[in-house]
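Breakdown of the fold
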Amino acid sequence: MDKICETPILVIEDEPEIRKFLNTILTGNGYKPTFAETAYEGIKLLTLHPPEVVILDLGLPDMDGLEVIENVRQWSPVPIIVLSARGQEQDKVTALEQGADDYLTKPFGVAELLARLKVAKRHARNLVQPQSSIFETGDIKVDLEKRQIFVREDEIHLTPTEYKLLTTLIKHVGKVVTHSQLLQEVWGKNSNENSHYLRIYTQHLRQKLGDNPMQPKYIITEAGVGYRLKDCK
C-alpha cells in the first residue's frame, strides 16, 4: 500500500458535515488533514504550514473560492482540488482556468476523490523534483528529449501539431486542461474560434496511441470542459 501517512493536506470547507466526512475519509486512508472554515483562515494556514494538496470549496462565507485560487496562484503552485456543489460546466472551466488542478462536484465518490488526490500528490512531488525526459503511462512511452513516441515498444510518428498536443497534455498530466487552455498552448493566442481543430486532432492522437475513443484509457474527455491525460502509473 502507498505510504501516504505523512502527506499533509489542507481542506478549506465551511460545512461541518462535509469536514467531518472528509476527516474520516482522509485519516482513514493515511492522510494528515488540517481544516479551515473560511478563506482567510485557509490562506493563513497555507502560508504558515504549506501542504502538498489543497481541497477547496467555492462557496465560502468570507470570499468566493475562485478568488482564493487566484490569490494562491500568485505565489504558490500547490495542487488545488475544487470540491463544490456548483456543477455547471462554466463553473468548472472558470475554476480550472483560474489555476485549479481538478474539480469534483458534490456529492462525490470516495474512490474518485482518493484517486484524484493520489494524482495531485504525485504532481506536488514532481514540482520539487527534476523532471525526467522520459514520460510513461500505461503502454505509452515518450522520450521528450529525442521526440520519440512508443506504444508497446513500437515507435509511432506524430505530426508536429499532434506532438504539441500530446506534450501539452503530458505537461499537465492528471489535470483537466480546458479547451481554451489547449487551444492557446497548441495553436497560440486568439485561437478559440478554431475549437473544431482540437476535437479533430485529439481524435487522430487517440487513434495513433491505440486509445479507444468510446472507452479511452489515456485521453479522457471532460464533457464541455476539456481533456485529461490519465496517469496510469
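Just so it is clear, the model here is predicted, and its values are computed rather than measured. (Residues numbered from 1 in each chain as written. Predicted model: local features only at pLDDT ≥ 70, side-chain atom pairs only at ≥ 80, totals over all residues. Heavy atoms only, no water.)

Some thoughts on the pattern of salt bridges
According to the stated counting rule, one finds 15 salt bridges in the structure shown. The closest approach of N and O atoms between Asp101 and Arg73, which form a salt bridge, is 2.9 Å. Here Arg73 lies in the loop between α3 (65–72) and β4 (80–84) and Asp101 lies in the loop between α4 (89–98) and β5 (102–105), a separation of 28 residues in the sequence. A relative accessible area of 4% places Asp101 in the buried class. The partly exposed category is assigned to Arg73, whose relative accessible area is 25%. Glu162 is the partner of Lys208 in a salt bridge, and the nearest nitrogen-oxygen pair spans 2.8 Å. (Salt bridge = Lys/Arg side-chain N within 4 Å of Asp/Glu carboxyl O. Helix = DSSP H or I, 4+ residues; strand = E, 2+ residues; numbered from the N terminus. Buried < 20%, exposed > 50% of the residue type's maximum accessible area, 1.4 Å probe, protein only.)

What about helix α2 (residues 39–48)?
Ala39, Gly42, Ile43, Leu45 and Leu46 are the residues of α2 that are buried. The arc that holds the buried residues of α2, viewed along the axis, is 165 degrees, so those residues lie on one side. Of the exposed residues in α2, the ones pointing more than 90 degrees away from its buried face are Tyr40 and Leu48. Of the surrounding elements, those touching the buried residues of α2 are β1 (8–12), β2 (32–36), β3 (53–56) and α3. (Arc of directions from axis to C-beta. Contact = heavy atoms within 4.5 Å.)

Digging into the packing of helix α6 (residues 160–171) against helix α7 (residues 179–187)
One way to put it is that α6 packs onto α7 with a least axis distance of 9 Å and a crossing angle of 130 degrees. Classified by the angle between their axes, α6 and α7 sit oblique to one another. You can see that α6 and α7 cross each other, and the crossing is right-handed. Facing Thr161, Lys164, Leu165, Thr168, Leu169 and Lys171 of α6, the residues of α7 in contact are Leu182, Glu185, Val186 and Trp187. (Axes fitted to C-alpha atoms, helices over the stretch in contact; angles between N-to-C directions. Parallel < 35°, antiparallel > 145°, perpendicular 65-115°, else oblique. Left-handed = near helix turned anticlockwise from the far one by under 90°.)

Some remarks on the packing of aromatic side chains
Summed over the entire model, instances satisfying the criterion amount to three aromatic pairs. Here Phe21 and Phe108 contribute two aromatic rings whose centre-to-centre distance is 5.9 Å and whose plane-to-plane angle is 45 degrees, an arrangement assigned as tilted. Of this pair, Phe21 sits in helix α1 (residues 16–28) while Phe108 sits in the loop between β5 and α5 (110–126), and the two are 87 residues apart along the sequence. A residue is classified by how much of its surface remains accessible, and Phe21, at 38% relative accessible area, is partly exposed. By relative accessible area, Phe108 is classed as buried at 15%. Connected via pairs of aromatic rings, a cluster forms that spans Trp187, Tyr197 and Tyr201. (Phe/Tyr/Trp six-rings, centres within 6.5 Å; stacked < 30°, edge-to-face > 60°.)

Focus on the sheet that holds strand β7 (residues 140–143)
Strand order in the open sheet made by the four strands is β6-β7-β8-β9, with antiparallel pairing throughout. With partners counted over all chains shown, the strands left at the sheet margins are β6 (134–137) and β9 (154–156), one partner each. Adjacent strand axes in the sheet meet at a mean angle of 25 degrees, parallel and antiparallel pairs treated alike. Relative to strand β8 (residues 148–151), β7 runs antiparallel, the two being bridged by four bridges. Among the inter-strand pairings, Lys141 is bridged to a residue of β8, identified as Phe150. Contacts from α6 reach β6, β7 and β8, with the element oriented near 100 degrees to β7. (Pairing = 2+ DSSP bridges.)

Focus: α7
For α7, the complete set of buried residues consists of Ser180, Leu182, Leu183 and Val186. Taken around the axis of α7, the buried residues stretch over an arc of 165 degrees, which confines them to a single face. In the core, the buried residues of α7 are packed alongside α4, α6, β10 (176–178), α8 (195–209) and β12 (226–229). A positive backbone phi angle near 95 degrees is found at Gly188, which sits one or two residues after α7.

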